[in-house]
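# Commentary on secondary and tertiary structure
Spelled out from the first residue to the last, the chains are:
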Amino acid sequence: MIRSLPRSRTYNWSFNFFIVLYFVFLFAPLLVTCVLAFNDSNFPALPWEGFSLDWFFSNGPKRVGLFHDDQILRSIVTSLQTAFFVSIFSVVVGTCASFLFEKEQFRFKGVLYFLMLAPLVIPGVILGISLLLASNTAGTFVDTTFGFDLDIFRPSFWLVVVGQFSFITTFVTLVVSARLRKFDHSLEEAALNLGATRLGVIWHVTLRYLQPAIIGAGAVAFLMSFENFNTTLFLVGSEPTLPINLYMQVRDGSTPVINAVSLMLIVGTSLLALVNLYFTKREK
Amino acid sequence: MKGSRLTLWIFLAPVLMWLLLLIVLPNIDLLIMSLRGENDYGDLVWTFNNYFNFFTEPIYWLTFVRTAIYAILTTFITFLIAMPVSFYIAKLARKRVQGALMILLLLPFWVSELVRIYGWMILLRESGVINFILLKLGIITVPIEMLYNDATMIMGLVYTSMLFMIVPLVSVMESLDDSLIEAAHDLGANQFVIWRTIIIPHCKPGITSGAIVVFMLTLGNYLTPNLMGGKNSLWFTEQIYNQFIASFNWNQGAAFGFLLLVLSSLIIWIGLTISRQKLGEVAS
């Protein structure tokens, strides 16, 4: 059974076997993707034709490596920009929200808290289409009342940012709230007694205390934005993000350059995830 | 510490903007759009036609039912696999290994869903890695197409949502006192009884929150059914996408979106009621 109880050998053996099998299941697709990025073949498939860095560095005309593929590079930049703005906005508003729900008392707090949790149970696709509809309605409204066309209400970079922000903020709020709940309020009272203003206390004492949680939440927001597909799909304009771009390429038949991109993504996100893990460890 | 009006509004204003403009209004707009449609003269009028179409056209509601059933099935399979894995990590693995296993579990899920699905496509397709190995070993003589069927699609869905079941399960199992199991064992209970009367009842909150998240993510998934399910495996989010992007029938698409929203809220509500939990508890 458990560690402290005697277990039969068959039990131990079969359980370990199951766990190994599970981890193979977990990592097989990632491993295969990474290995085939170095295969000297025009298709992301076996047989192994030898080691090659073509899918990273080749400068055409037959093979265009990742670092010379303008379309992919542009979509990476778009994704980075999107993730940057989304994490900044969601951290600011999410921190405000956690202060609001943890420290303030006001009417309709319950209703607002429920609304804050709502994005957790709204499928991403629905968030995407409802925002698409609402921005379209807003655009038409501005056009008919004021007589000019605002590009911002069309599927575009900023609409993607807004769409991702709308649900990622919920996650930031939950992470920061969890930390805020453990905060010792006598510290704030002490600062107030010593003559600090309320906003001064929040700035110098509370936010200082929340810093690791905020950085962690920012990293999570960045990753969530970077890999978001469902919501972005409906809001994307002429500048596709990386997941959207890759999706088109995978759907229409692929070359090992996608493996190269995937490898970079795996390495990049793993590093960011480890950094995030380090910060959450330190918080404890 | 008593809150002043000013600080309350500093926190309240951005949160209100976020929730009203990006969550409440768009979803109301979704409902309004779904109740609008063109009459025989091409004018926009209030109508239930979009909903009638859903019920009179078998392909629509059949896809809807199929999506719901498959999402429940996926949730159940995920639960069956996640249970022993979490048990191993929480109760069987040595303390040192525990942390490492958790990190290993988390890492693949930080990588974009698209990359993971792409990895499976390279493994499973007709010219894929598994077929290549099987051919080389002489087990099969003709490559088998393993992609584009329901079983593969469900496996893909289980794979993408695995983590959201394992993390809550591990955390509830860690809070289970080993001495309870030891006592049961000393009193002569067999494994089956221990699981049924001690472990599963204790894990109920974790099971519910895991199941809700997995179900929600599966129901709203677009990528996995689209890339792994092929033409025959229709998913309801694909119907929504088709209405919006391919047919440009936004009113019909809005009706579908609203139905999906109702379905997901309903099933989550049933899940919460059966397990007597609140959304707020599940979220934290």
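Values in this document were obtained by computation on a predicted structure and should not be read as measured data.

This brings us to the overall build of chain A. Across its full length, chain A carries 11 helices and zero strands. For chain A, the N- to C-terminal ordering of α and β elements is α-α-α-α-α-α-α-α-α-α-α. Once the C-alpha set of chain A is aligned to its principal axes, its extents read approximately 75 × 75 × 30 Å. The buried share of chain A, taken over its 284 residues, is 53%. Long-range contacts, defined as pairs at least 24 residues apart, comprise 66% of the intrachain contacts of chain A with a sequence gap of at least 6. Of note, chain A has its 19 positive side-chain charges centred 14 Å away from the centre of its 17 negative side-chain charges.

Among the secondary structure elements, Glu113 of chain B is positioned in helix 5 (residues 113–124). Engagement of the side chain of Glu113 of chain B in a polar contact is seen with the side chain of Asn221 of chain B, the distance being 3.0 Å. One polar contact links Glu113 of chain B to Thr224 of chain B, side chain to side chain, over a distance of 2.8 Å. When near neighbours in sequence (up to four residues on either side) are disregarded, Glu113 of chain B contacts Glu227 of chain A together with Thr160, Asn221, Leu223 and Thr224 of chain B.

The next point concerns the layout of surface pockets. The volume enclosed by the second largest pocket comes to roughly 610 Å³. Forming the walls of the second largest pocket are 22 residues, and the residues nearest its centre are Leu131, Phe153 and Val162 of chain A together with Leu21 and Leu22 of chain B. Counting residues per element, the ones that place at least two in the lining of the second largest pocket are helix 3 (70–103), helix 5 (124–146) and helix 6 (157–181) of chain A together with helix 1 (5–34) of chain B. Per element, the largest residue contribution to the lining of the second largest pocket is seven residues, and it comes from helix 1 of chain B. When the residues that make up the lining of the second largest pocket are grouped by side-chain class, the tally is 19 nonpolar, two polar and one charged.

The subject of this paragraph is the interface of chain B and chain A. Residue-level contacts link 93 residues of chain B with 95 residues of chain A. Both faces combined, the contact of chain B with chain A buries some 8600 Å², and carbon together with sulfur accounts for 79% of it. It is helix 1 of chain B that provides the largest number of residues to the side of chain B that touches chain A, a total of 18 residues. Along the lines of polarity and charge, the residues of the side of chain B that touches chain A split into 66 nonpolar, 18 polar and nine charged.

On to the nonpolar core. Counting residues in hydrophobic clusters, the biggest one holds 164 residues, and the most contacted among them are Tyr22 of chain A together with Trp18, Ile199 and Ile240 of chain B. Counting residues per element, this core draws most heavily on helix 3 (residues 58–92) of chain B, at 14 residues. In contact with Tyr22 of chain A, not counting residues within four places along its chain, are Ile81, Val85, Leu105, Met162 and Ile166 of chain B. Counting residues in each nonpolar core, the second largest holds five residues, with Val121 of chain A together with Ile212, Met216 and Ile268 of chain B among its members.

Our next topic: the confidence of the model for chain B. Of all residues in chain B, 95% attain a pLDDT of 70 or more, and the chain-wide mean is 85. Predicted confidence in chain B is weakest over helix 13 (residues 279–283) of chain B, with a mean pLDDT of 61, and strongest over helix 3 of chain B, with 91.

What counts and what doesn't
- Residues numbered from 1 in each chain as written.
- Chains lettered and ligands numbered in written order.
- Predicted model: local features only at pLDDT ≥ 70, side-chain atom pairs only at ≥ 80, totals over all residues.
- Heavy atoms only, no water.
- Helix = DSSP H or I, 4+ residues; strand = E, 2+ residues; numbered from the N terminus.
- Buried < 20%, exposed > 50% of the residue type's maximum accessible area, 1.4 Å probe, protein only.
- Contact = heavy atoms within 4.5 Å.
- Lys, Arg positive; Asp, Glu negative; His and termini not counted.
- Charge placed at Lys NZ, Arg CZ, Asp CG, Glu CD.
- Polar contact = N/O pair within 3.5 Å; in protein donor to acceptor, adjacent residues only side chain to side chain.
- 1 Å grid on protein atoms, 1.4 Å probe; cavity = no way out; pocket = protein on both sides within 12 Å on 5 of 7 lines; lining within 4 Å.
- Points joined across faces, edges and corners; volume = space filled by probe spheres on them.
- Nonpolar A, V, L, I, M, F, W, Y, C, P; charged D, E, K, R; others polar.
- Buried area = accessible area lost by both parts, 1.4 Å probe.
- Core = buried A, V, L, I, M, F, W, Y, C linked by side-chain atoms within 4.5 Å.
- pLDDT = per-residue confidence, 0-100.

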